[in-house]
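Secondary and tertiary structure notes
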Amino acid sequence: MAQEKLLLIPGPSPVVPRILDVLARPTVSHVGPDMVHDLKEACENLKEIVFCESGEPFIISGAGTLSMEMALLNTVGPGDRVLVLSQGYFGDRMAQICAAFGLAHDVLESAWGRSVTPGELDARLKAKNYNVVVCTHVDTSTGACAPQVLEKTGALFIVDGVCATGGVAERMDDWGIDVVLTAAQKCLGAPPGLAILVLSELAMEKRRSLASVPAYYADLLRWLPIMREPSKYFSTPCVNEIRAFAEATRIVLDEGLEERFERHDLHAEAIRAGLAALGFTFFTDPRFMASTLSVVRYPEGVDDQAFRAGLSENGVVVAGGLASTAGRVFRMGHMGNLTSADVRFAVDAVERTLAGLGRKIAPGSGRTAVENILKS
Ligand code: PMP
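Below is a short write-up of the structure. (Residues numbered from 1 in each chain as written. Predicted model: local features only at pLDDT ≥ 70, side-chain atom pairs only at ≥ 80, totals over all residues. Heavy atoms only, no water.)

1. A short note on a negative patch on the surface
A cluster of acidic residues, Glu53, Asp173, Asp174, Glu201 and Glu205, forms a negative patch on the protein surface. If you trace the backbone, Asp173 turns up in helix H6 (residues 172-175). On the basis of relative accessibility, which here comes to 40%, the residue Asp173 falls in the partly exposed class. (Patch = residues over 30% accessible without salt bridge, like charges linked within 9 Å, V, L, I, M, F, W, Y side chains within 5 Å. Areas by Shrake-Rupley, 256 points an atom, 1.4 Å probe, with all protein chains shown as cover. Salt bridge = Lys/Arg side-chain N within 4 Å of Asp/Glu carboxyl O. Lys, Arg positive; Asp, Glu negative; His and termini not counted. Charge placed at Lys NZ, Arg CZ, Asp CG, Glu CD. Helix = DSSP H or I, 4+ residues; strand = E, 2+ residues; numbered from the N terminus. Buried < 20%, exposed > 50% of the residue type's maximum accessible area, 1.4 Å probe, protein only.)

Right under this line is the structure:
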């Protein structure tokens, strides 16, 4: 078997052995006691992770895109208008889903690398009535974070937390978020395979007020009885994945939420210090940089393909840029259950890769910058 590499793409993130061990357990009945126990616990833990006291959690086979679709289809009715705040590729996907289902919507776009400011949002909400506002918390294409718009807007507020939940705070109750939609494979550290949502009471009321939704599997009212009592059947869940996800949520809560958010901040700072010391710069406007990934510009003369192939040889896998940034940047995820040892290994591997490409760098300069942050 090929040597295992450190997976630092912006999701999926590396899955730690404690979670892999649960994934590898024998498959149990999807309506039996082990599954009932784990799904119930995962649901409770999930609410705690997004600071939601009285909402409804949903954990369903699928991926982030299904949770985006479910969030929209279950809250937007005839006559409603949606405002999509798009700061990149995944905001645009929200608009595409609206278009696919004929949901009336406008897009408030911000340039790649930044996000909408509260002032811009206020102005738009004053100019026109919206029933639902959708925002990408961290857009994985640009590394930009939109924390400043997580406030009461008067409309139902949907947050795409796929690249944030469990790594960056999402305080549903305090910030008036009505839906957090997310997936298992990024900051929560589980393998891919789940669409995950938490709906506030208001969002659930909205679903109940809709006579029907243009969905069957994606209709949350079909799933509600199962999430409350997993011994009931609607559609066979991915038993092993859900049990592994339950373990992932235990790891999150064992670490402590605030500690976990701080670790994400620290690792982002250390990696960026290391990369800057090696001559890289960053694509994202510093005011909006998320702690879950870095979108990194190459120094003059470093070729994207050669760099990423070399880095992979040195044991670290990163992703290329999306859309117009392709070839100009690489994207490095630093989310989930990453350790300081991983951070050190990653920056050392970048340094070895640059040396292999013939760049002149003072040996150890990346590592020194990393240590300065990790030890501060
Ligand atoms: N939203 C964001 C912010 C994402 O980063 C992604 C995946 N990279 C998605 C939605 C879609 O998730 P999935 O690939 O699991 O369908």
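2. Examining the sheet that holds strand E15 (residues 329-333)
As summarised here, the arrangement of the 4 strands in space is E11-E12-E15-E14, forming an open sheet in which the pairing is antiparallel. Two strands lie at the open edges of the sheet, namely strand E11 (281-282) and strand E14 (319-320), each paired on one side alone. Of the strand pairs in this sheet, E11 and strand E12 (residues 293-297) are connected by 2 bridges, and their pairing is antiparallel. Each residue of the ladder has a partner; that of Phe282, found in E12, is Val296. (Pairing = 2+ DSSP bridges.)

3. Focus on the nonpolar core
Among soluble globular proteins, nonpolar side chains are generally buried collectively. Membership of the largest hydrophobic core comes to 81 residues, with the highest contact counts inside it found for Phe58, Ile59, Leu72, Leu197 and Phe245. Considering every element that reaches this core, the biggest residue donor is helix H9 (residues 239-255), with 8 residues. The contact partners of Leu72, leaving out residues within four places of it in the chain, are Val82, Met94, Ile97, Cys98, Leu103, Val134 and Ile158. By size, the runner-up hydrophobic cluster in this structure holds 27 residues, among which are Phe280, Val318, Leu338 and Leu374. (Core = buried A, V, L, I, M, F, W, Y, C linked by side-chain atoms within 4.5 Å. Contact = heavy atoms within 4.5 Å.)

4. So, the pattern of salt bridges
Within the structure shown, the criterion is met by 22 salt bridges. One salt bridge connects Glu258 with Arg171, and the closest N-O pair in it is separated by 3.0 Å. Taken together, the residues span a long stretch of sequence, with Glu258 in helix H10 (residues 257-277) and Arg171 in the loop between strand E8 (156-160) and H6 at a distance of 87 residues. Among the charged side chains, a salt-bridge network with shared partners connects Arg18, Asp38, Glu41, Arg243, Glu247, Arg250 and Asp254.

Everything listed is a geometric property; what it means functionally is a separate question.
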